[in-house]
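Listed below, chain by chain, are the residues.
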Amino acid sequence: MAGFPAQNQDFEMDVRESFGNIALMSTLGAALVRVSPGEVEIALPFRAELTQHHGFMAAAVLTAIADVACGYAAMSLMPAGASVLTVEYKVNFLAPAQGERMVARARVVRPGRTVTACAGDVFAVIGGQERLVATMLATLVQAGGERTASPAEGKDRTCHPAHEHGTNRPLRKARPWCVCRGRGLRARLREMTGFAR
């Protein structure tokens, strides 16, 4: 159990609604099984159309359900209106993925003011027995959600209210490394990733 408090009392409804809008998950046939603060479980029936040349579930499919599970585990701890973007992940494939279904379980390792670290495991289920087939460590950034800006927009912007983790402490100026500093989240992400539009 993650043991982190949710900032949004409607986190489960928001996560389920958002999951329902992901075309990739519906195309794969994945289902959101469980949502709790900082934890998410996704199940995917084994289908031949999702296998690679040896008949095992494709690595890309395992990665997709693990990544989405990590994303929603992070989102479950964020303020109302927030969503997430994956900025990095590392995945290890530990065994051939074959069974009746795949189950991805993700949990928040460390929630942050802007960046959250999550871990996810994917299990192959055969006859009620689970076998660990992949494990992921992911870094996610908060997108959207409640924000507060100073009257001089673009100057001395303050960080997200979530940065104070629900306390009554006054907001501070954004730190130099904060993605919400200055020009806004999208501009900072473009700068960080090298994509210019």
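The following paragraphs examine the structure supplied in this document. (Residues numbered from 1 in each chain as written. Predicted model: local features only at pLDDT ≥ 70, side-chain atom pairs only at ≥ 80, totals over all residues. Heavy atoms only, no water.)

### Concerning the overall build of the protein
Part 1: When you go through the protein residue by residue, the secondary structure sums to 4 helices and 6 strands.
Part 2: In the protein, the order of α-helices and β-strands from amino to carboxyl end is α-α-β-β-α-β-β-β-β-α.
Part 3: Across the 197 residues of the protein, 44% fall into the buried class.
Part 4: Of all intrachain contacts in the protein linking residues separated by at least 6 positions in sequence, the fraction that spans at least 24 positions is 57%.
Part 5: If you sum the accessible surface of the protein, you get close to 10400 Å²; carbon and sulfur atoms cover 55% of it. (Helix = DSSP H or I, 4+ residues; strand = E, 2+ residues; numbered from the N terminus. Buried < 20%, exposed > 50% of the residue type's maximum accessible area, 1.4 Å probe, protein only. Contact = heavy atoms within 4.5 Å. Areas by Shrake-Rupley, 256 points an atom, 1.4 Å probe, with all protein chains shown as cover.)

### Considering the environment of Val108
Part 1: With respect to the helices and strands, Val108 occurs in strand β4 (residues 101-110).
Part 2: Relative accessible area serves as the criterion here: at 4%, Val108 is assigned to the buried category.
Part 3: In the structure, Val108 is positioned 71 residues away from Pro37 in sequence and 8.8 Å away in space, judged by C-alpha atoms.

### Here's the deal with the packing of helix α1 (residues 11-20) against helix α3 (residues 59-75)
Part 1: Taken N-terminus to C-terminus, the directions of α1 and α3 make an angle of 150 degrees; their axes are 10 Å apart at the nearest point. Judged by the angle between their axes, α1 and α3 are roughly antiparallel. Note that α1 runs across α3; the crossing there is right-handed. Taking contact as the criterion, the partners of Asp14, Val15, Ser18 and Phe19 in α1 are, on α3, Val68, Tyr72 and Met75.
Part 2: The residue makeup of the contact of α1 with α3, split by class, is 5 nonpolar, 1 polar and 1 charged. (Axes fitted to C-alpha atoms, helices over the stretch in contact; angles between N-to-C directions. Parallel < 35°, antiparallel > 145°, perpendicular 65-115°, else oblique. Left-handed = near helix turned anticlockwise from the far one by under 90°. Nonpolar A, V, L, I, M, F, W, Y, C, P; charged D, E, K, R; others polar.)

### Overview of the packing of aromatic side chains
Part 1: Enumeration over the complete set of coordinates arrives at 1 aromatic pair.
Part 2: Relative to Tyr72, the ring of Phe19 has its centre 6.1 Å away and its plane inclined at 65 degrees; by these criteria the two rings are edge-to-face. Placement of Phe19 in helix α1 and of Tyr72 in helix α3 is noted, with a sequence separation of 53 residues between them. (Phe/Tyr/Trp six-rings, centres within 6.5 Å; stacked < 30°, edge-to-face > 60°.)

### Quick look at the pattern of salt bridges
Part 1: The tally for this structure, following the rule as stated, stands at 7 salt bridges.
Part 2: In this structure, Arg105 and Glu41 form a salt bridge, with 3.0 Å as the shortest nitrogen-oxygen distance. In this pair, Arg105 is assigned in strand β4 and Glu41 in strand β2 (residues 39-45), connecting sequence segments 64 residues apart.
Part 3: A salt bridge links Arg105 to Glu130; the nearest nitrogen and oxygen atoms lie 2.6 Å apart. In this pair, Arg105 sits in strand β4 while Glu130 sits in strand β6 (residues 129-144), placing the two residues 25 residues apart along the sequence.
Part 4: A relative accessible area of 25% means that Arg105 is categorised as partly exposed.
Part 5: Glu130 gets classed as partly exposed once you look at its relative accessible area, which sits at 42%.
Part 6: The network of salt bridges with shared partners includes Arg34, Glu39, Glu41, Arg105 and Glu130. (Salt bridge = Lys/Arg side-chain N within 4 Å of Asp/Glu carboxyl O.)

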